[in-house]
Amino acid sequence: TRVHIRPLPPHVLYPFTPSSFLPSTMVLLSILSSIYQQVAPLVPPGLAACLASAFVADGKYLPAFRHEFIGTIIMIGLTFSPGKWIGQDSLAIAWAVHACGVVAADKLSGGPHVNPAVTASMFALGKCSYTEGFVRIMGSMAGGLVAFPLFKVFADQFGLTPLGGPEFDAKDDEEGIAAGFSEFCAMVLLMFLIYTLNWELNFGKFHYWIKQTLTAVGIRYLIETFPLAGPAINPMLGTTWYIFAYGGFPDHLGHYFTYWVSSFLGAIFASYLYAIYAGGTVFGKTLPVGPMKGEAKAEAAPESKKKK
């Protein structure tokens, strides 16, 4: 007995043709486009890229990203509100609240850098890897991009004065040379402050609270002393404020020179000076000079023996 198998018609073998996908695909694309048009204005430029960086290296540095993200939001809220929401008529109260804000932002978020230039110095001195440094910088940028719109909503809701931010003024300083030099000097001094309070001094039982308070006072003093860049002493603040205020990335080269180039140069310059004093490496290389700290101890040792 012969069995004759007839081939199935094409519409049975291939029930789904490209043309059958077309209507549903177009509907899906139309829905996605509509969602994008609704959501895009609410998402600050660059935020998606910053958030994506949290998962590099299989999420190894996600905790660091989280610390920077949360720490930056807390830092902006607690250090930008003095003089606006609290202490409007009292400079002393504004300074005190600012100091409390610096301490609280550090304590509540696990000791973040919340400053890309500080992260650059930590990388230069071998305190963090390149990848961790990148993730930390992206975390702080994400925090800044979220913080300014968030606190604008908060201020509008409760009838408070909107927070301001550092802003580069190109008038009489088109290339940002003067403002950049101001940021450079302020960053060098800020890094010296951080090195000294964190690595050179020990205040005993209350070390953390004393060094954080002194850090806050030092930052406030530098803000008042070097005002040409807004002031910022923090690249993240200058750029995320601009994006919030104007809805896009800065298009003036003076902005990047002032807040990023000058701040990074100041942080790296301070790193070299600290390595000359205390020893260690900069970008993995041992310097041909120093450490002065070790030489001072060696010179002091024979003298102490003679006295004995």
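Rules used throughout
- Residues numbered from 1 in each chain as written.
- Predicted model: local features only at pLDDT ≥ 70, side-chain atom pairs only at ≥ 80, totals over all residues.
- Heavy atoms only, no water.
- Helix = DSSP H or I, 4+ residues; strand = E, 2+ residues; numbered from the N terminus.
- Buried < 20%, exposed > 50% of the residue type's maximum accessible area, 1.4 Å probe, protein only.
- Phe/Tyr/Trp six-rings, centres within 6.5 Å; stacked < 30°, edge-to-face > 60°.
- Lys NZ or Arg CZ within 6 Å of the ring centre and 35° of its normal.
- 1 Å grid on protein atoms, 1.4 Å probe; cavity = no way out; pocket = protein on both sides within 12 Å on 5 of 7 lines; lining within 4 Å.
- Points joined across faces, edges and corners; volume = space filled by probe spheres on them.
- Nonpolar A, V, L, I, M, F, W, Y, C, P; charged D, E, K, R; others polar.
- Polar contact = N/O pair within 3.5 Å; in protein donor to acceptor, adjacent residues only side chain to side chain.
- Contact = heavy atoms within 4.5 Å.
- Axes fitted to C-alpha atoms, helices over the stretch in contact; angles between N-to-C directions.
- Parallel < 35°, antiparallel > 145°, perpendicular 65-115°, else oblique.
- Left-handed = near helix turned anticlockwise from the far one by under 90°.

Some points on the environment of A99
When you line up the elements, A99 lands in helix α6 (residues 91-108). Overall, the relative accessible area of 12% leaves A99 in the buried class. Taking C-alpha positions, A99 is 8.9 Å from I219, a pair spaced 120 residues apart along the chain.

Topic: the packing of aromatic side chains
This structure, assessed with the given rule, holds 18 aromatic pairs. Seen in terms of ring centroids, W85 and F154 are 5.4 Å apart; in terms of plane orientation they differ by 40 degrees. Their pairing is tilted. Of this pair, W85 sits in the loop between α5 (62-80) and α6 while F154 sits in helix α8 (residues 130-158), placing them 69 residues apart in sequence. Between F184 and F269 the ring centres are 5.8 Å apart and the planes differ by 35 degrees, which places this aromatic pair in the tilted class. Taken together, the residues span a long stretch of sequence, with F184 in helix α9 (residues 177-200) and F269 in helix α12 (residues 253-278) at a distance of 85 residues. Counting every residue linked through ring pairs, the aromatic cluster contains F80, F148, W241 and F244. Sitting above the plane of the Y208 ring, K107 keeps its charged end 4.8 Å from the centroid. Its guanidinium or amino end placed over the ring of W199, K127 lies 4.7 Å from that ring's centre, counting from NZ or CZ.

Section: the layout of surface pockets
Of the pockets and cavities examined, the largest pocket occupies roughly 1,000 Å³. M75, V102, V114, I219 and N234 are the residues nearest the centre of the largest pocket, which is lined by 39 residues in total. Broken down by secondary-structure element, the contributors of at least two residues to the lining of the largest pocket are α5, α6, α7 (116-124), α9 and α10 (207-225). Sort the elements by how many residues they give to the lining of the largest pocket and α10 lands first, with seven residues. Considering only residue class, the lining of the largest pocket consists of 19 nonpolar, 15 polar and five charged. As a volume, the second largest pocket reaches approximately 180 Å³. In terms of lining residues, the second largest pocket is bounded by T119, A120, F123, S129, Y130, G133, F134, I137, W260, F264, I268 and F283. Breaking the lining of the second largest pocket down by element, the ones donating at least two residues are α7, α8 and α12. Per-element accounting of the lining of the second largest pocket gives the leading share, four residues, to α8.

A closer look at the side chain of T119
Here T119 is to be found in helix α7. A polar side-chain atom of T119 sits 2.9 Å from a polar atom in the side chain of H113. Excluding residues that lie within four positions of it along the chain, T119 makes contacts with H113, C128, G133, R136 and I137.

Notes on the packing of α8 against helix α11 (residues 235-246)
The angle between the axes and the distance between the axes are what describe a pair of packed helices. Where α8 contacts α11, the two axes come as close as 9 Å, and the packing angle between them is 45 degrees. Of the possible angle classes, the one that applies to α8 and α11 is oblique. For the crossing formed where α8 meets α11, the hand is right-handed. Contact with α8, carried on its side by S140, M141, G144, L145, F148, P149 and K152, involves M236, L237, T239, T240, W241, I243 and F244 of α11 and no other residues of that element.

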